[in-house]
Amino acid sequence: MSIDFYKALEISAIGIIGVFVFMTLFYFVIIGIDKLFPHKKEEE
């Protein structure tokens, strides 16, 4: 295979890893916000 193919594969892998890292951090931020500001159940 050519060097260009391996470079493209490396860039794609970095992008996919970046997306997973961002989504994981975003998940923990959402969990943290939920802990700081808990949902109040409305009483009927």
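Above this note sits the structure.
Residues numbered from 1 in each chain as written. Predicted model: local features only at pLDDT ≥ 70, side-chain atom pairs only at ≥ 80, totals over all residues. Heavy atoms only, no water.

Draft legend 1. Main features of the packing of aromatic side chains. Taken as a whole and judged by the stated rule, the model has three aromatic pairs. Arranged with centres 5.7 Å apart and planes meeting at 70 degrees, the rings of Phe5 and Tyr6 form a pair that is edge-to-face. Residue Phe5 is classed as partly exposed on the basis of its relative accessible area of 39%. Ring plane angle 20 degrees and centroid distance 5.9 Å describe the contact between Phe22 and Phe26, whose orientation is recorded as stacked. (Phe/Tyr/Trp six-rings, centres within 6.5 Å; stacked < 30°, edge-to-face > 60°. Buried < 20%, exposed > 50% of the residue type's maximum accessible area, 1.4 Å probe, protein only.)

Draft legend 2. Here's a closer look at the environment of Gly15. Checked against the element boundaries, Gly15 lands in helix α1 (residues 3-36). What makes Gly15 partly exposed here is its relative accessible area of 36%. Note: C-alpha distance between Gly15 and Ile33 (18 residues apart in sequence) is 27 Å. (Helix = DSSP H or I, 4+ residues; strand = E, 2+ residues; numbered from the N terminus.)

In short, geometric facts, not functional conclusions.
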